[in-house]
Amino acid sequence: MFEPTLAGSLPKPSWLAETHKLWPQWKSAGAELTEAKADATLLWLKLQEDAGLDTVSDGEQSRQHFVHGFLEFVEGIDFENKVTMGIRGNRYDALVPQVVSELRLKGRVHQAEARLARAHTQRKLKITMPGPMTIVDTVADNFYGDKVKMAMAFADLLNQEARALEADGVDVIQSDEPAFNVFMKDVTVWGIDALHRAIDGLKCKTAVHICYGYGIQANIDWKKSLGDEWRQYEEIFPALAASRIDQVSLECANSHVPPDLMKLLAGKDVLVGVIDVASNEVETPEQVADTIGRALQFVPRERLFPCTNCGMAPMDGEIARRKLEALARGAQIARERYGK
Ligand code: ZN
């Protein structure tokens, strides 16, 4: 009960990449970089196990950014001529590559880190990939001329990689869809169809992560504009409850999301964000247990998995490590408090 897990990304060590950045530059190249990525993956696996997480991830140590890390492996994308584009409903500008021809995978995307992690942990292993809607919101289209058509093309590539990850022994494949909280109408019209296409044929657990973003300034400003109650989830959860996705990862700690919206996910595992990634203040285990207690009013205990609100990539490494510890210890307290 209350098996702790995480949204996905973790900070990169200073010897691997620039720290405290969402789009960090690598510190080395070639074989040296490959080795550094593997070392960082193993380091975080150990730290996640020591913290006490039941489902661990590769910490996304092998990708520069959660969307572009996937796009780098796709043929038909021009990374040489990036353009500035407003993303997430023009919340902030990003320098994005362009789709210039038919999309095809160059080969495996996350094979190295998935197999490495699988060989070195007995815990359940999660690998995350960007969802189709979030991808099309983070790349410029110079070829398809139709957002949905392009999303479906990406979904096919995601599915190809997801099936291979499942064969590598991955237990949970998660699609990160922060764009679901921005284009709520599109979610019900085509977003979930695209997700279904991305997870088609999988037998492992499938998850979707929907949040209010990393703790970067643009997101903090955006959240201030959303008012006292954030009800975006209300528009998309009923459709997700009816979907074939097994798990929904959402934010809850220090959030203005009304917790009763979690009721709309009946029948799904709910990965409840009990760790705030936009604050450097480390939660106490008691605070984590309290947040679990609040969620428990709306989520059955066998469906509740304590998690982080979002990825931790831009955070300080030591703070992230201590937050993971608080997460697992808080889950332990919750088991004692609410277990009977
Ligand atoms: Zn997130």
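Residues numbered from 1 in each chain as written. Predicted model: local features only at pLDDT ≥ 70, side-chain atom pairs only at ≥ 80, totals over all residues.

Asker: In this structure, what is going on with the pairing of strand E8 (residues 247–251)? I would like to understand it.
Answerer: Consecutive side chains along a regular strand alternate between the two faces of the sheet. Taken across its five residues, E8 has five buried, putting it largely inside the fold. Every second residue of E8 is oriented toward a common face, with Gln247, Ser249 and Glu251 on one face and Val248 and Leu250 on the other, all of them buried. As paired elements, strand E7 (residues 205–209) and E8 share three bridges and run parallel to each other. Each bridged residue has a counterpart across the sheet, and for alanine 207 the counterpart in E8 is glutamine 247. (Buried ≥ 20, exposed ≤ 12 C-beta atoms within 10 Å, placed from the backbone. Helix = DSSP H or I, 4+ residues; strand = E, 2+ residues; numbered from the N terminus. Pairing = 2+ DSSP bridges.)

Asker: Would you take a moment to explain the environment of isoleucine 236 for this structure?
Answerer: Topologically, isoleucine 236 is positioned in helix H8 (residues 232–241). The sequence separation of isoleucine 236 and leucine 265 amounts to 29 residues, and the corresponding C-alpha distance is 9.8 Å. Among all residues touching isoleucine 236, those that are not within four sequence positions of it are Phe180, Met184, Val187 and Thr188. (Contact = placed C-beta atoms within 7 Å.)

Asker: Is there a simple way to explain the sheet that holds strand E6 (residues 172–176) in this structure?
Answerer: Across a sheet, strands are paired by hydrogen bonds formed along the backbone, either parallel or antiparallel in direction. Pairing in this open sheet of seven strands is parallel, and the strands run E1-E4-E6-E7-E8-E9-E10 from one edge to the other. Strand pairing shows two members of the sheet lacking a second neighbour, strand E1 (55–57) and strand E10 (304–308), which therefore form its edges. Between one strand axis and the next, the sheet turns through 30 degrees on average, direction left out of account. Here five bridges tie E8 to strand E9 (residues 269–275), and the two strands are oriented parallel to one another. The residue bridging leucine 250 from the neighbouring strand is valine 272, located in E9. Across the sheet, helix H9 (residues 285–295) lies against E9 and E10, angled at about 145 degrees from E9, the strand it touches most. (Axes fitted to C-alpha atoms, helices over the stretch in contact; angles between N-to-C directions.)

Asker: I keep staring at the sheet that holds strand E3 (residues 92–105) and nothing clicks. Help me out?
Answerer: Spatially, three strands are ordered E2-E3-E5 in an open sheet, and the strand pairing comes out mixed. The open sheet is flanked by strand E2 (74–87) and strand E5 (140–141), the only strands paired with a single partner. Here two bridges tie E3 to E5, and the two strands are oriented parallel to one another. Bridge assignment links valine 99 to a residue of E5, and that residue is aspartate 141.

Asker: What exactly am I supposed to notice about the nonpolar core here?
Answerer: It is characteristic of soluble globular proteins that their nonpolar side chains tend to be buried jointly. Residues Phe154, Val248, Leu250, Val270, Val272, Val274 and Ile292 are the most contacted members of the largest nonpolar core, which totals 101 residues. Looking at this core element by element, the count peaks at nine residues for helix H5 (residues 147–167). Residues contacting valine 272, with those up to four places away along its chain left out, are Leu250, Cys252, Ile292, Ala295, Val299, Leu304, Phe305, Pro306 and Cys307. (Core = buried A, V, L, I, M, F, W, Y, C linked by C-beta atoms within 7 Å.)

Asker: When you look at the packing of helix H6 (residues 184–199) against H8 in this model, what are you seeing that I'm missing?
Answerer: The relative placement of two packed helices is expressed as an angle between their axes plus a distance between the axes. It is at 9 Å that the axes of H6 and H8 come closest, and there the two elements cross at 20 degrees. Here H6 is positioned roughly parallel relative to H8, judged by the angle of their axes. For the element pair H6 and H8, the recorded crossing hand is right-handed. The segment H6 lies against H8, with Met184, Val187, Thr188 and Ile192 engaging Gln232, Glu235, Ile236, Ala239 and Leu240. (Parallel < 35°, antiparallel > 145°, perpendicular 65-115°, else oblique. Left-handed = near helix turned anticlockwise from the far one by under 90°.)

Asker: What is the right way to look at the packing of H9 against helix H10 (residues 317–338) in this model?
Answerer: Closest axis-to-axis distance for the H9/H10 pair is 7 Å, and the angle between their directions is 55 degrees. Classified by the angle between their axes, H9 and H10 sit oblique to one another. Of the two elements, H9 crosses H10, and the hand of that crossing is right-handed. Of H10, the residues touching H9 (which contributes Pro285, Glu286, Val288, Ala289, Ile292 and Gly293) are Ala326, Leu327, Arg329, Gly330, Ala331, Ile333, Ala334, Arg337 and Tyr338. In terms of residue class, the contact of H9 with H10 is made up of 10 nonpolar, two polar and three charged. (Nonpolar A, V, L, I, M, F, W, Y, C, P; charged D, E, K, R; others polar.)

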